[in-house]
Amino acid sequence: MEVKILGAGCYNCQALESNVINALAELDLAAEVVRITEAGEIAACGVDGVPALIVNGSVKVCGRVPQKEEIKEWLRQEDSQGGKGSRK
């Protein structure tokens with residue numbers, strides 16, 4: 001599974017990253033976590049704001065920090081659809 005966290009490193013971006021890491025750990029899922037901080041790369045991803053989360057190429061959220069439980073649901077859905085990663 002590929003997880004992209006988009007943002008310049010502000011408090012909200014760090015909070016999103018923390019929630020993602022904790023959600024992956026609680027679900028015992030392996031994922032390639034990529035942090036995108038460059039403005040040009042963020043714009044190329046087609047998101048309307050940061051922080052943003054993209055899982056397996058699908059934009060899940062932008063402009064807010066979702067709760068860990070919401071992130072876990074998205075990760076479960078992507079895992080059940082045969083994402084690129086696997087269980088640890």
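Definitions and limits used
Residues numbered from 1 in each chain as written. Predicted model: local features only at pLDDT ≥ 70, side-chain atom pairs only at ≥ 80, totals over all residues. Heavy atoms only, no water. Core = buried A, V, L, I, M, F, W, Y, C linked by side-chain atoms within 4.5 Å. Buried < 20%, exposed > 50% of the residue type's maximum accessible area, 1.4 Å probe, protein only. Helix = DSSP H or I, 4+ residues; strand = E, 2+ residues; numbered from the N terminus. Contact = heavy atoms within 4.5 Å.

Any chance you could explain the nonpolar core here in plain terms?
Generally speaking, soluble globular proteins have nonpolar side chains that are buried together. Formed by 15 residues in total, the largest nonpolar core has its most connected members in Val3, Val20, Leu53, Ile71 and Leu75. Broken down by secondary-structure element, the contributors of at least two residues to this core are strand E1 (2–6), helix H1 (11–27), strand E3 (52–55) and helix H3 (68–80). Of all the elements, H1 adds the most residues to this core, at five residues. If we skip the residues at most four places from it in the chain, Val20 touches Val3, Ile5, Leu53 and Ile71.

What's the story with the environment of Asp48 in this structure? I'm lost.
Turning to its location among the elements, Asp48 is positioned in the loop between helix H2 (39–44) and E3. On the basis of relative accessibility, which here comes to 79%, the residue Asp48 falls in the exposed class. Separated by 17 residues in the primary sequence, Asp48 and Ala31 have C-alpha atoms spaced 24 Å apart.

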